[in-house]
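# Coordinate analysis (summary)
As a plain string of letters, each chain reads:
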Amino acid sequence: MTTTSQVPQVSQQELYRYLEDRFACAQACAECSRACAVRASLVDPGGGTPQELVRRKGVICAEVCDATSRVLSEDSQTDEETVRAQVEWCRQVCLEGAHAFDGHPGAERTAEVCRVCARACTDFLDTLTPSTP
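Remember, it's a predicted structure, so these values are computed and weren't measured experimentally. (Residues numbered from 1 in each chain as written. Predicted model: local features only at pLDDT ≥ 70, side-chain atom pairs only at ≥ 80, totals over all residues. Heavy atoms only, no water.)

### Some thoughts on the packing of helix α1 (residues 12–42) against helix α2 (residues 49–73)
Taken N-terminus to C-terminus, the directions of α1 and α2 make an angle of 155°; their axes are 7 Å apart at the nearest point. If you check the angle between α1 and α2, you find them roughly antiparallel. By crossing handedness, the relation of α1 to α2 is classed as left-handed. Contacts between α1 and α2 involve Arg22, Cys25, Ala26, Cys29, Ala30, Cys32, Ser33, Cys36, Ala37 and Ala40 from the first element and Arg55, Gly58, Val59, Cys61, Ala62, Cys65, Asp66, Thr68, Ser69, Val71, Leu72 and Ser73 from the second. Looking at side-chain class alone, the contact of α1 with α2 contains 14 nonpolar, five polar and three charged residues. (Axes fitted to C-alpha atoms, helices over the stretch in contact; angles between N-to-C directions. Helix = DSSP H or I, 4+ residues; strand = E, 2+ residues; numbered from the N terminus. Parallel < 35°, antiparallel > 145°, perpendicular 65-115°, else oblique. Left-handed = near helix turned anticlockwise from the far one by under 90°. Contact = heavy atoms within 4.5 Å. Nonpolar A, V, L, I, M, F, W, Y, C, P; charged D, E, K, R; others polar.)

Dropping the structure here:
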C-alpha cells in the first residue's frame, strides 16, 4: 500500500510574496541590528539603571536581529516551525527595544527602525502556513 502525503500547493504569487517578505524581513533585521548596536555603544555602560536597560535592550535586539537575518538569508534546510519561532522572537525583542528606546533622548530613529523590523517580521509570519496547536 502506497501512501501519499498531502503537500499544500502554493501559487506562484504566494511563493513570490513569501520570498519578498522573507527578504524584506531579513533586510529589516540587518538594519535593526546595526542601529541597535550603534545605539547601545553610545550609552554609558555605567550610567545607572535606566541607561543600562536601554544598552542591554540594544545589545539583545542587535544579536537577535543579526541571528534572524542570518537564518532568513541562508539557504538552509531549517524547518518552518524553527523559522517561525526565530522570527516571532525577533518581532517581540524589536517591540521591547522600541519601547526602551522611546524613553531615551536621541534614540527616536532606532525606536522606529525596531518598529519597522517588527512589522516586517509580522508580514513575513503572515506568509507562513498557520501553525497547528
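### Looking at the side chain of Arg39
Relative to the elements of secondary structure, Arg39 occurs in helix α1. Glu108 provides the closest opposite charge to the buried, salt-bridge-free Arg39, at an N-O distance of 6.5 Å. Those residues in contact with Arg39 that sit more than four places away from it in its chain are Phe101, His104, Pro105, Gly106, Ala107 and Thr110. (Buried < 20%, exposed > 50% of the residue type's maximum accessible area, 1.4 Å probe, protein only. Lys, Arg positive; Asp, Glu negative; His and termini not counted. Salt bridge = Lys/Arg side-chain N within 4 Å of Asp/Glu carboxyl O.)

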